[in-house]
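Chain residues, written in single-letter form:
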Amino acid sequence: MEEIIVAKFGGTSLADSKQFKKVKEIVLADERRRYIVPSAPGKRYKKDHKVTDLLYMCYQLASHKLNFDEVYGIIEKRFHDICNDLKLEIDIGEILSEIKEKIRAGESRDYVASRGEYINGILLSEYLGFEFVDAKDLILFDEKGHFDWEGTNKKVKELLGSISTAVIPGFYGAKPNGEIVTFSRGGSDITGAIIARGVDSILYENWTDVPGFLMVDPKIVDNPKPIETITYKELRELSYMGAPVLHAESIFPVREAGIPINIRNTNSIEDPGTTIVNDLSPIANVGTITGIAGKKDFTVIAIEKTLMNQEKDFYRKLITVLETNDITIEHMPSSIDSVSLIIPSAQLNSKLDKIIEEIRIYCKPDSIDTYPNMALIAVVGRGMIRTKGISAKVFTALANEGINVRMITQGSSELNIIIGVENDDLEKGIAAIYRAFN
Ligand code: ADP
Ligand code: ASP
Ligand code: MG
């Protein structure tokens, strides 16, 4: 069977005409790169705006019946510039004004947000000489807006089976009635993974603006070491805990099919990047860590009750309060007479006082305290398993920086250590742990 590579290019990789040229060079360098998934134009420089953010703002203004010409004008200029520089024979003015009319007429938030990918897909397909296949015809959601995995897989095989080279915009699909639905932010990675799976590709390439998955966020440490190989599980832990390089949900479609993912740098084609491999592959980083990531803004609800572990229904009641308030728990470290609930603060919003009162009524604790502003650091690596001294190194590094550790948990798989610190200590803590291992 002919070998196929699916290549997804992120926002910075397609931010302007200069980047489009690099992308064309990459795509044409290997004829196996037959299905290309673009994001909307991202930032060209630090203070620039992502087209998707501009579109969300247009939607917001329009939904309040306010004039959005100024913001839409920025988007129009971005696309006109790309078309003019690349001399594309596309009536971009017409496409842009049609979409503007629809935004004004009250189209949905998802529809508006998806237009960055849609237009970029049209431009890229013209520039590459590939067919444009609208994601609304391939990526299917059910009436309730849930992703329809089987329907999509069938559609991808059916439609792309007869098209040798195509550009499919990332980030969105449609319900049976044609209504557009987007994935969560960064979701073009998911589209790429779905297409890779659907066409039975031998490789899913994810092209971005860094030399692969790095040991830590390059905004926290200058030039961190790239990770050569990483397992799906490690990558999921790191992406979930705040490294946005690859959307955490993009792992599932390809992992199941055993398709390797290669994260590459559009700005430096020679870099081999990071290869994501099977969870059972030989451990690359024996005796050390693979990467560190972190997220801010968690709230701790600390509950004490003497002999709580002898009350059979204590935990059930506690979880019921959270469940009925629509709250998910991130972690729940406990000791004999106490338990802490670690919850993303954004979920609590104005519900915190109500939840505390309900726990008082239902669980009758001796005391209940809350601590906002906690950050979580995840130290991840298969190489830590059954290796002595890793935790000592991590906690010594934090102690030497004067960072107070407020919580520790370790997954039973020993794949990660999660450490709770003050929000303000997050960057300092990650940098200190990185230094301890490099
Ligand atoms: P794209 O637009 O290509 O999808 P993203 O912005 O979604 O790219 O992800 C790449 C960015 O992720 C990098 O520019 C970098 O700033 C950030 N980042 C955070 N943590 C990491 C990490 N551990 N390794 C690499 N990049 C990281
Ligand atoms: N453009 C979308 C976003 O900014 C999707 C993506 O970039 O993957 O979230
Ligand atoms: Mg991304």
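A brief report on the enclosed structure follows. Values in this document were obtained by computation on a predicted structure and should not be read as measured data. (Residues numbered from 1 in each chain as written. Chains lettered and ligands numbered in written order. Predicted model: local features only at pLDDT ≥ 70, side-chain atom pairs only at ≥ 80, totals over all residues. Heavy atoms only, no water.)

### Observations regarding the packing of aromatic side chains
Counting across every chain of the model gives nine aromatic pairs. Relative to Tyr127, the ring of Phe20 has its centre 6.2 Å away and its plane inclined at 55°; by these criteria the two rings are tilted. With Phe20 in helix α1 (residues 17–28) and Tyr127 in helix α5 (residues 109–128), the pair connects residues that are 107 residues apart, well separated along the chain. By the burial criterion, Phe20 is buried, and Tyr127 matches it. Ring centres 6.1 Å apart and planes at 90° place the aromatic pair Phe68 and Tyr72 in the edge-to-face group. We classify Phe68 as buried; its relative accessible area is 2%. Overall, the relative accessible area of 1% leaves Tyr72 in the buried class. Three or more aromatic residues link up through ring pairs in this structure, and these residues are Phe141, Phe147, Trp149 and Phe183. Against the face of Tyr127 rests Lys24, its NZ or CZ located 4.4 Å from the ring centre. (Phe/Tyr/Trp six-rings, centres within 6.5 Å; stacked < 30°, edge-to-face > 60°. Helix = DSSP H or I, 4+ residues; strand = E, 2+ residues; numbered from the N terminus. Buried < 20%, exposed > 50% of the residue type's maximum accessible area, 1.4 Å probe, protein only. Lys NZ or Arg CZ within 6 Å of the ring centre and 35° of its normal.)

### A short note on a positive patch on the surface
Side chains of Lys43, Lys46, Lys47 and Lys50 sit close together on the surface and give a patch of like positive charge. Note that Lys43 resides in the loop between β2 (33–38) and α2 (51–63). Judged by its relative accessible area of 37%, Lys43 is partly exposed. (Patch = residues over 30% accessible without salt bridge, like charges linked within 9 Å, V, L, I, M, F, W, Y side chains within 5 Å. Areas by Shrake-Rupley, 256 points an atom, 1.4 Å probe, with all protein chains shown as cover. Salt bridge = Lys/Arg side-chain N within 4 Å of Asp/Glu carboxyl O. Lys, Arg positive; Asp, Glu negative; His and termini not counted. Charge placed at Lys NZ, Arg CZ, Asp CG, Glu CD.)

### Focus on the site of ligand 2
Surrounding ligand 2, one finds Ser39, Thr52, Glu117, Phe171, Arg185, Gly186, Gly187 and Ser188. For ligand 2, whose unbound accessible area comes to 260 Å², protein coverage reaches 91%. (Near = heavy atom within 4 Å.)

### Examining the environment of Lys233
If you trace the backbone, Lys233 turns up in helix α8 (residues 232–240). In this structure, the C-alpha to C-alpha distance between Lys233 and Gly381, residues 148 residues apart in sequence, is 9.3 Å. Excluding residues that lie within four positions of it along the chain, Lys233 makes contacts with Arg255, Asp279 and Leu415. (Contact = heavy atoms within 4.5 Å.)

### Let's talk about a negative patch on the surface
On the surface, a cluster of negative charge is made up of Glu304, Asp337, Asp366 and Asp369. On the secondary structure map, Asp337 appears in the loop between β12 (334–335) and β13 (338–344).

### So, the sheet that holds strand β15 (residues 407–410)
Read across the open sheet, the six strands follow the order β12-β13-β11-β14-β16-β15; overall the sheet is antiparallel. The sheet terminates laterally at β12 and β15, the two strands that pair on one side only. Note that strand β11 (residues 291–304) and β13 share seven bridges and pair antiparallel. Note on β13: the bridge partner recorded for Val300 is Ile342. (Pairing = 2+ DSSP bridges.)

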